[in-house]
Amino acid sequence: MQPLTNRSKQVVQKEMTFMERIYLPAILKGMAITLSHFFKKKNTVQYPEVKRPIAPVYRGKHVLKRDDQGRERCTACGLCAVACPAEAITMVAAEREKGEEHLYREEKYAAIYEINQLRCIFCGLCEEACPKEAIFLTDVITPVETSRNEFVYGKDKLVEPINQRIDVSKRQSWRMPEQQS
Ligand code: SF4
Ligand code: SF4
């Protein structure tokens, strides 16, 4: 049969020579290749102690933002969950009670909001879909966990701490430069 490329080699079953039978030259050749790698530039990065530089538009761990007054922006409309191709987002909506206006910006809020980081493909469609500018991806790499359940991030891991706000403006300025002017 005619081969598709010219890369194929015809295999010939020929007698091994004496040198091939004793394997020594092949072993020495292999060890020389291994030794030569000791003197080459190392590509391995000792993560997490050492981190590779990442692109300004890197899509990492999500954050649920608060507004200027510290209220949660998310109104549990579900658009991010509908847009998510990996079905990684789930939520339970609740009505804001009287006296909770300082906690939630809208009359409806997410009582439960979860993202399964193992399902997520970090496509960023959730932040594109959000009409409230409530969810953003950050440049934080999702940390390593030891059990699958710990990768289901709830509001405790997603909502930004009130005293430790997460600045997403740098990544957004690269993502949508025309909106920064
Ligand atoms: S980044 Fe993409 S896959 Fe991940 S939660 Fe958002 S929409 Fe879903
Ligand atoms: S994060 Fe945005 S899109 Fe998703 S439920 Fe909240 S307000 Fe709606």
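Use the structure listed above.
Notes on the structure follow. None of the values given here were measured: they were computed from a predicted structure.

Cut-offs and rules
Residues numbered from 1 in each chain as written. Chains lettered and ligands numbered in written order. Predicted model: local features only at pLDDT ≥ 70, side-chain atom pairs only at ≥ 80, totals over all residues. Pairing = 2+ DSSP bridges. Helix = DSSP H or I, 4+ residues; strand = E, 2+ residues; numbered from the N terminus. Near = placed C-beta within 6 Å. Nonpolar A, V, L, I, M, F, W, Y, C, P; charged D, E, K, R; others polar. Expected span 1.5 Å × (residues − 1). Buried ≥ 20, exposed ≤ 12 C-beta atoms within 10 Å, placed from the backbone. Core = buried A, V, L, I, M, F, W, Y, C linked by C-beta atoms within 7 Å. Contact = placed C-beta atoms within 7 Å.

## Quick notes on the sheet that holds strand S5 (residues 152-153)
Piece 1. Across the sheet, which stays open at both edges, the three strands sit in the order S2-S3-S5 with antiparallel pairing between neighbours. On the outer flanks of this sheet lie strand S2 (89-95) and S5, each paired with one strand and no other.

## Quick notes on the site of ligand 1
Piece 1. Contacts to ligand 1 come from 14 residues, most closely from Cys84, Cys120, Cys123, Leu125 and Cys126.
Piece 2. Partitioned by chemical class, the residues of the shell around ligand 1 number 13 nonpolar, one polar and no charged.

## Side note on helix H2 (residues 24-38)
One full turn of an α-helix is made of 3.6 residues, so residues set three or four places apart face in the same direction.
Piece 1. Between the first and last C-alpha of H2 there are 22 Å, a value that for 15 residues agrees with the 21 Å anticipated at 1.5 Å per step.
Piece 2. Burial analysis of H2 places just zero of its 15 residues in the buried class, which makes it a mostly uncovered element.

## A look at the environment of cysteine 77
Piece 1. Following the sequence through the fold, cysteine 77 ends up in the loop between strand S1 (62-64) and helix H3 (79-83).
Piece 2. Given 18 C-beta atoms within a 10 Å radius, cysteine 77 is considered partly exposed.
Piece 3. Cysteine 77 sits 15 residues away from histidine 62 along the chain, and the two C-alpha atoms are 17 Å apart.

## Some details on the nonpolar core
Proteins that are soluble and globular tend to have nonpolar side chains buried together.
Piece 1. Leu64, Cys74, Cys80, Ile89, Cys126 and Ile135 are the most contacted members of the largest nonpolar core, which totals 21 residues.
Piece 2. Listed by contribution, the elements that provide at least two residues to this core are S1, strand S3 (108-116) and strand S4 (135-137).
Piece 3. Sorting elements by how many residues they give to this core places S3 first, with four residues.
Piece 4. What isoleucine 135 contacts, discounting residues up to four positions off in sequence, is His62, Leu64, Cys74, Cys80, Cys126, Glu127 and Cys130.

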